[in-house]
Amino acid sequence: MATGRVEPRPTASRTDSDAVALEADIQATARALFAAVDRARPALLSQARWQGEMMDWAMADERLKVELFRFVDVFPTLGSGAEIARHLREYFLQTDVAPPRLLRLAIGATGRRSPLRPAAVRVVRAEMLSFARRFIVGSDARSALPGLRALRDRGLGFTIDVLGEASVSVHEAAAYQQRYLDLLDDLTRETKGWPAAPAVDRAAWGALPRVNVSIKITSLYSQIDPLDFRGSVAAVKDALRPVVRRAMACEAFVNLDLEQFRYRDLTFTVFTELLDEEEFRAFDQAGVVVQAYLRDAGDDLEALVSWARSRSRPLTVRLVKGAYWDYETVLARQEGWPAPVFTHKPDSDAAYERLARLMLESIDVVRPAFAGHNVRSLAAAIATARRLGVPDDGFEIQMLHGMGDPIKAAVRAQGLRLREYAPVGELIPGMAYFVRRLLENTANESFLRDAFAEGADIEELIAPPAPSARLDAAPAHPAIVAPTDPAAPSPFVNMPHADFARPGPRRSALEALRAVAGRPALHESLLIDGRERRGAGTTTSVDPARPARTLGTVEVAGPQETEAAVQAARRAFPAWRDAPARERAGVLFKAAEIMRGELAQLAALETFEAGKTIREADGDVTEAIDFLEYYGREMLRLDTPRRLGRLPGELNHYSYQPLGVAAVIAPWNFPLAILTGMTSAALVAGNTVVIKPAGPTPLIGAQLARILRAAGAPPGAVNLLFGPGGEIGEALVTHPEVHLIAFTGSRAVGLRIMARAIEQPGRAWIKRVIAELGGKNAIIVDTDADLDVAVLETVASAFGYQGQKCSACSRVIVLQQAYDEFLERLVEATRSLAVGPPDDPATRLGPVITAAAKATIEGYIEQGRREATLALATPEPPGGWPDGGFYVGPHIFTDVEPGATIAQEEIFGPVLAVLKARDFDEALEIANGTSYALTGGLISRSPAAIARARREFRVGNLYINRGITGALVARQPFGGFKMSGIGSKAGGPDYLPQFLEPRVVTENTLRRGFAPPDDAL
Ligand SMILES: Cc1cc2nc3c(=O)[nH]c(=O)nc-3n(C[C@H](O)[C@H](O)[C@H](O)COP(=O)(O)OP(=O)(O)OC[C@H]3O[C@@H](n4cnc5c(N)ncnc54)[C@H](O)[C@@H]3O)c2cc1C
């Protein structure tokens, strides 16, 4: 094995004149490269008319580009000519898409009655396949061989990339591992007899392996998750060990690609830890990637260099800008996280040049590979290498198969070693890669586009990048800066979820769990009239994962305390009602500030008391903060009386007043968010509140009361009672002084509350009830669905928080063409989920809430066995569930009739019914065929199906091509109709008015025929 080194020249101190000289070298190198580039050829495929046209269309019209690339993405799943024709028409005949003439003609020929249809479809199919194949060397090692051999004959090396779908199960990850092993064997065997190619077989440090494989760690472990950092590192290393062992035996090279930012730290840790293991310590045919578009890529590279130095072993580093720029920026915007990538393109370009230099200055331990198609960036690396005295065979250039071919010729003409990144795989899994490449070729800021399609001036193309003045800091998120000022609130933004890709949030979540686990049991009192009160007895709160462990005790209210709480609320009402809205909103904003400060601790308490996994608990607390911030602002919006009907002599003012005493009866499944939402809406509207948290989660309920009090809610405005719903809830619902009941919970209790609230005689007002009840929510999986999305989102929606969400997916309706493959992947993906204590970051399903809930769910599972086929059961492990926790593993039933009990009744547990539908009509009929209408989902790439679902899938919250849980305040206001509830959507603009009564005051301003001027009113 080659271990030779290239010695570094002492780093020259960088003076201005050095910089000027280097820049001159870069320009000269870039010009020399360009001189050998044939720029007359279009970006892609001059001879392939359609394909060249398609790229031109994409670049000319952004809207058309979206549809073109969406069609490319869906194309491999379209089984028949009719399906291809249907999708072509749906994508390109939309009103706001203007296809060019050639395309319009082709689409016109695909009409159902057109005699040209078969021919038109054949052409489209052939063109698409040949287009995609330009980027892929073969469907497997065998079919790739001629292509790889041709590369070598042209003096180019290769690194093989295995294209694949998302690895959603243990089963699929094992298949990937096997493919890497087979690839190493097959390629080693086949390439042995190939003639030597000195241009790619030797480097300054010695011989180079002929076989070079690039691996994506996400393919090797389906449950990879930065939150479970150590577990993921261990699992990936386990999967990788045999592959690296085989690579050593085959004398092949292994590279770990870098994927999305959230896997960056995992990839580096896997790489360094694995190679530090005794058996791999001497292996130096391994490499990793540094992505220059990451703001902190310099730290990545420095850490790798010092690691390599500490072990005196060289490593290969491939420098790229990064392939996931759009994804990272969109995700960061959606989540409210600082973008990990630069957002100004020249910053990435400048970082590339800086990092290239750092790699070359560390040539004693770094074997550089400069990847990309930007002539300026490559010239910078080449010129810097030459200036630093690194020989031309001391580094290599890497480019993608099917891209930048004219530049490849120019690089080869310089006598430099060039390696192609050569994907192998089938078309369906290849499409994601293919679409990334299309985007890369047509992006506004793409070098290839500028150089070859736009024909930009060479001077412009090779000019030095002009980075922004301040590169270091990513912009802070507005929600985290300061407490909201009720006099001048900034526009509402959602509280970001914890970004567990970063070590800080991971650490604080785990530390909070340790702290909460280690502290003594809590004791919480009732809160009545601003004072802590004892009750008629106490009850305990236990950890559903360890029922023997008492988390705390709470005082239980009897009739006396309930009465006292209502009376306190009644007395406090007039003053609170008349307090300025700003003061009331100020209490909410202050409470939000306190919650932000205690976020990790509150989430940790939820993990133990409600059995929520770490991520779910974080989501619940952030939602609670959102409600406080949102309803505070909503009240300020509603507080200004509106003038209606601007007519002289008449003054009409429309305003709101609160109702009185509100009873808030909350569920345990979102123990802080829903409780906070209902309470804060009632409170900020000027009502006074008696809160009754759910039986299993009183300790979290107590935190809300404490926080509101600390935030300045006056005595009596917020009162807290613990106790059984049947007694306290009933007493509050029927109490003559209660004006308003906000309830979230089961349908049976909700209906009873409505009946009891209405029937109480002898009052001076009609009670108002706001009730959010259950759901029997369905996801429809269409024939053309992206099954990666369908499987992952169904699993998350059905089994997140053990299915104990009213929004959870409990039916998945699959069109028959997609059924078999979807079901197989769904079952395997679900089987791969870890069931266990929710404070373990590896856990995907924790316990259900109580022993009674477990028994109910198990009853439904028994029912399912009678009326359907059990496709997946999760039996109790041989030694029983850990610590006697209330666990029910995930269950999937197939052959479920739409009218079956398990397809009609809300189960509130990890039980999923899979139903097959003949066509989309039937799927919609089944989906709408229950008494609930809360959430629903559609996974489809058909614009017509999406449009139909928007109209006809009648649920309160319809989600398309994503999961159906996790509604965000102000972005997806939440709530349903039919038997799913009464009232308007939580977290939406119509929610707060339910806690208010509108009033209109009309004044006749005409006195003796004289009215004030209209403008003065
Ligand atoms: C052999 C090879 C292997 C590769 N392996 C990987 C890998 O493991 N992981 C990976 O992520 N990528 C990998 N890539 C893909 C690579 O990241 C892209 O091909 C590369 O970013 C394109 O850069 P360029 O210099 O060729 O083109 P240019 O057109 O100069 O740069 C385009 C790049 O600039 C960045 N960018 C675009 N817009 C902005 C903006 N507004 N602000 C900041 N930056 C912006 C993006 O990274 C974009 O891809 C590999 C590429 C090659 C050739």
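Residues numbered from 1 in each chain as written. Predicted model: local features only at pLDDT ≥ 70, side-chain atom pairs only at ≥ 80, totals over all residues. Heavy atoms only, no water.

## Focus on the sheet that holds strand E5 (residues 253-256)
Heads up, the condition is: When DSSP finds two or more bridges between two strands, those strands count as paired. Numbered from the N terminus, helices here are DSSP runs of H or I no shorter than four residues, and strands are runs of E no shorter than two. Helix axes are fitted to C-alpha atoms over the stretch in contact, other axes to C-alpha atoms as well, and angles between N-to-C directions run from 0 to 180 degrees. We call two residues contacting when some pair of their heavy atoms lies within 4.5 Å.
The eight strands lie next to each other as E1-E4-E5-E6-E7-E8-E9-E10, forming a closed barrel whose pairing is parallel. Averaged over neighbouring strand pairs, the angle between their axes works out to 30° when direction is ignored. The sheet contact formed by strand E6 (residues 286-291) and strand E7 (residues 315-320) spans five bridges and is parallel. What sits directly across from Val 288, in E7, is Val 317. Seen against the sheet, helix H14 (residues 345-361) touches E6, E7 and strand E8 (366-371) and runs at an angle of roughly 155° to E8.

## As for the pattern of salt bridges
Put simply, the test is: A side-chain nitrogen of Lys or Arg and a carboxyl oxygen of Asp or Glu constitute a salt bridge if their distance falls within 4 Å. Relative accessibility thresholds used throughout: buried, under 20% of the residue-type maximum; exposed, over 50%; partly exposed, between the two (1.4 Å probe, protein chains only).
Applying the stated criterion to the full structure yields 67 salt bridges. Where Arg 86 meets Glu 90, a salt bridge forms, and the shortest distance between an N and an O atom there is 2.9 Å. With Arg 86 and Glu 90 both in helix H4 (residues 81-92) and four residues apart, the pair spans about one turn of that helix. We classify Arg 86 as partly exposed; its relative accessible area is 28%. On the basis of relative accessibility, which here comes to 14%, the residue Glu 90 falls in the buried class. In this structure, the salt-bridge partner of Lys 408 is Glu 420, at a minimum N-O distance of 2.8 Å. Within this pair, whereas Lys 408 is found in helix H16 (residues 405-413), its partner Glu 420 is found in strand E10 (residues 418-424), the two being separated by 12 residues in sequence.

## Quick notes on the confidence of the model for the protein
In plain terms, the rule: Confidence per residue, as judged by the predictor, is encoded in pLDDT with a range of 0 to 100.
Looking at the protein as a whole, its pLDDT mean stands at 93, while 96% of the residues score no less than 70. Predicted confidence for residues 8-12 stays below pLDDT 50, and this span has seven contacts to residues more than four positions away or in other chains. Taken as a whole, residues 42-47 scores under 50 in pLDDT and shows 12 contacts with residues more than four places along the chain or in a different chain.

## Re the site of the ligand
Which entries qualify depends on this criterion: Consider each residue's heavy atoms; a residue with any of them within 4 Å of a molecule or strand counts as near. Whenever two N or O atoms come within 3.5 Å, that pair is a polar contact, provided that in protein one can donate a hydrogen and the other can accept it, and provided that, for residues adjacent in sequence, both atoms are side-chain atoms. In short, Shrake-Rupley with a 1.4 Å probe defines the accessible areas, and a residue's cover is counted only from the protein chains shown.
Close to the ligand lie 30 residues; Gly 322, Ser 348, His 373, Glu 440 and Phe 447 are nearest. Within the side chain of Lys 345, a nitrogen or oxygen atom sits 2.9 Å from an oxygen atom of the ligand. With respect to the ligand, the backbone of Phe 447 contributes an N or O atom lying 2.6 Å from an oxygen atom. Contact with the protein chains covers 93% of the free accessible surface of the ligand, which is 940 Å². Within the residue set of the shell around the ligand, elements represented by two or more residues are E6, E7, H14 and strand E9 (396-400).

## Looking at helix H11 (residues 264-275)
Put simply, the rule reads: For a helix, the expected span equals 1.5 Å multiplied by the number of residues minus one.
Here H11 contains 12 residues, and its C-alpha end-to-end distance of 17 Å stays within 8% of the 16 Å for a straight helix at 1.5 Å per residue. Taken across its 12 residues, H11 has 10 buried, putting it largely inside the fold. Each element contacted by the buried residues of H11 is listed here: helix H10 (229-250), E5, E6, helix H12 (297-311) and E7.

## Description of empty space enclosed by the protein
If a probe the size of a water molecule is rolled over the atoms, the empty space left behind becomes visible. The cut-off we apply is this: Using a grid of 1 Å spacing that covers the protein atoms alone, one calls a set of points a cavity when a 1.4 Å probe fits there but cannot get out, and a pocket when the set is open and has protein on both sides within 12 Å along at least five of seven lines; lining residues are those with an atom within 4 Å of a point. Grid points are joined across faces, edges and corners, and a volume is the space filled by probe spheres set on the points. Amino acid classes used here: Ala, Val, Leu, Ile, Met, Phe, Trp, Tyr, Cys and Pro are nonpolar; Asp, Glu, Lys and Arg are charged; the rest, including Gly, are polar.
Counting across every chain of the model gives eight cavities of 30 Å³ or more. What the second largest cavity holds in volume is close to 160 Å³. What lines the second largest cavity is a set of 16 residues, among which Asn 212, Phe 253, Thr 316, Glu 396 and Arg 419 lie closest to the centre. For the lining of the second largest cavity, the secondary structure elements donating two or more residues are E5, E7, E8 and E9. Considered class by class, the residues forming the lining of the second largest cavity number five nonpolar, six polar and five charged.

## What to know about the sheet that holds strand E14 (residues 537-543)
Judged by pairing direction, the sheet is mixed, and its three strands sit side by side in the order E11-E15-E14 without closing on themselves. With partners counted over all chains shown, the strands left at the sheet margins are strand E11 (522-524) and E14, one partner each. Averaged over all adjacent pairs, the angle separating strand axes in this sheet is 30°, with direction ignored. Pairing between E14 and strand E15 (residues 546-556): seven bridges, direction antiparallel. Bridge pairing in E15 links Thr 538 to Glu 555.

## With respect to the nonpolar core
We apply this condition: Only buried residues count toward a nonpolar core. Its members are Ala, Val, Leu, Ile, Met, Phe, Trp, Tyr and Cys residues joined through side-chain atoms within 4.5 Å.
Ranked by size, the top nonpolar core spans 150 residues in total, and within it Phe 71, Phe 92, Leu 148, Phe 370 and Ile 397 carry the most contacts. Among the elements that take part in this core, H10 stands out by supplying nine residues, more than any other. One finds Ala 591, Val 621, Met 635 and Leu 675 within the second-largest nonpolar core, a separate group that totals 103 residues.

## Concerning the packing of aromatic side chains
The following threshold applies: Two rings from Phe, Tyr or Trp (for Trp, the six-membered ring) form a pair when their centres are within 6.5 Å of each other. A pair whose planes differ by under 30 degrees is stacked, one over 60 is edge-to-face, and the rest are tilted. A ring is scored as having a charge over it whenever the NZ atom of a lysine or the CZ atom of an arginine sits within 6 Å of its centre and within 35 degrees of its normal.
One pass over the full model with this rule turns up 17 aromatic pairs. Taking 5.7 Å as the distance between ring centres and 90° as the angle between the ring planes, the aromatic pair formed by Tyr 654 and Tyr 656 counts as edge-to-face. With a relative accessible area of 24%, Tyr 654 lands in the partly exposed category. In textbook terms, an aromatic cluster arises when at least three aromatic residues are bridged by ring pairs, as seen for Phe 492, Phe 627, Tyr 630, Tyr 631, Tyr 991 and Phe 995. The ring centre of Tyr 801 lies 4.2 Å from the NZ or CZ of Lys 612, which sits over that ring. The aromatic ring of Tyr 819 is capped on one face by Lys 916, whose charged end is 4.6 Å from the ring centroid.

## Here we look at the pairing of E5
Going by this rule: Handedness rule for crossovers: strands pointing away from the viewer, path from the first strand over the helix to the second running clockwise, crossover right-handed.
Residues of E5 alternate between two faces, with Phe 253 and Asn 255 on one and Val 254 and Leu 256 on the opposite face, all of them buried. The sheet contact formed by strand E4 (residues 212-215) and E5 spans four bridges and is parallel. Across the sheet, Asn 212 pairs through a bridge with Phe 253, a residue of E5. For the crossover that starts at E4, traverses H10 and ends in the parallel E5, the hand is right-handed. Relative to E6, E5 runs parallel, the two sharing three bridges. Of the residues in E6, the one forming a bridge with Asn 255 is Gly 287. Remark: the E5/H11/E6 crossover connection has right-handed handedness.

## Some thoughts on unusual backbone geometry
Positioned with a positive phi, Asp 883 is a non-glycine residue whose angle comes to about 55°. Along the polypeptide, Asp 883 turns up in the loop between strand E25 (869-872) and strand E26 (891-894). A positive phi angle is found at Asp 895, which is not glycine, with a value near 55°. With respect to the secondary-structure elements, Asp 895 resides in the loop between E26 and helix H32 (901-904).

## Quick notes on the layout of surface pockets
In this model, the second largest pocket occupies a volume close to 920 Å³. As for the second largest pocket, its lining consists of 40 residues, of which Trp 668, Phe 743, Gly 745, Ser 746 and Val 749 are closest to the centre. Counting residues per element, the lining of the second largest pocket draws most heavily on helix H28 (residues 747-759), at six residues.

## Examining the packing of helix H23 (residues 599-610) against helix H26 (residues 698-710)
In a pair of packed helices, the angle between the axes and the distance between the axes together describe the arrangement. Selection criterion: When an angle is under 35 degrees it counts as roughly parallel; over 145 it counts as roughly antiparallel; between 65 and 115 it counts as roughly perpendicular; any other value is oblique.
Between H23 and H26, the least distance of the axes is 9 Å, while the angle of their chain directions is 155°. With respect to H26, the axis of H23 lies roughly antiparallel. Between H23 and H26, the residues in contact are Leu 602, Leu 605, Glu 606 and Glu 609 and Pro 698, Leu 699, Ile 700, Gln 703 and Ile 707, respectively. Its residues assigned to classes, the contact of H23 with H26 comprises six nonpolar, one polar and two charged.

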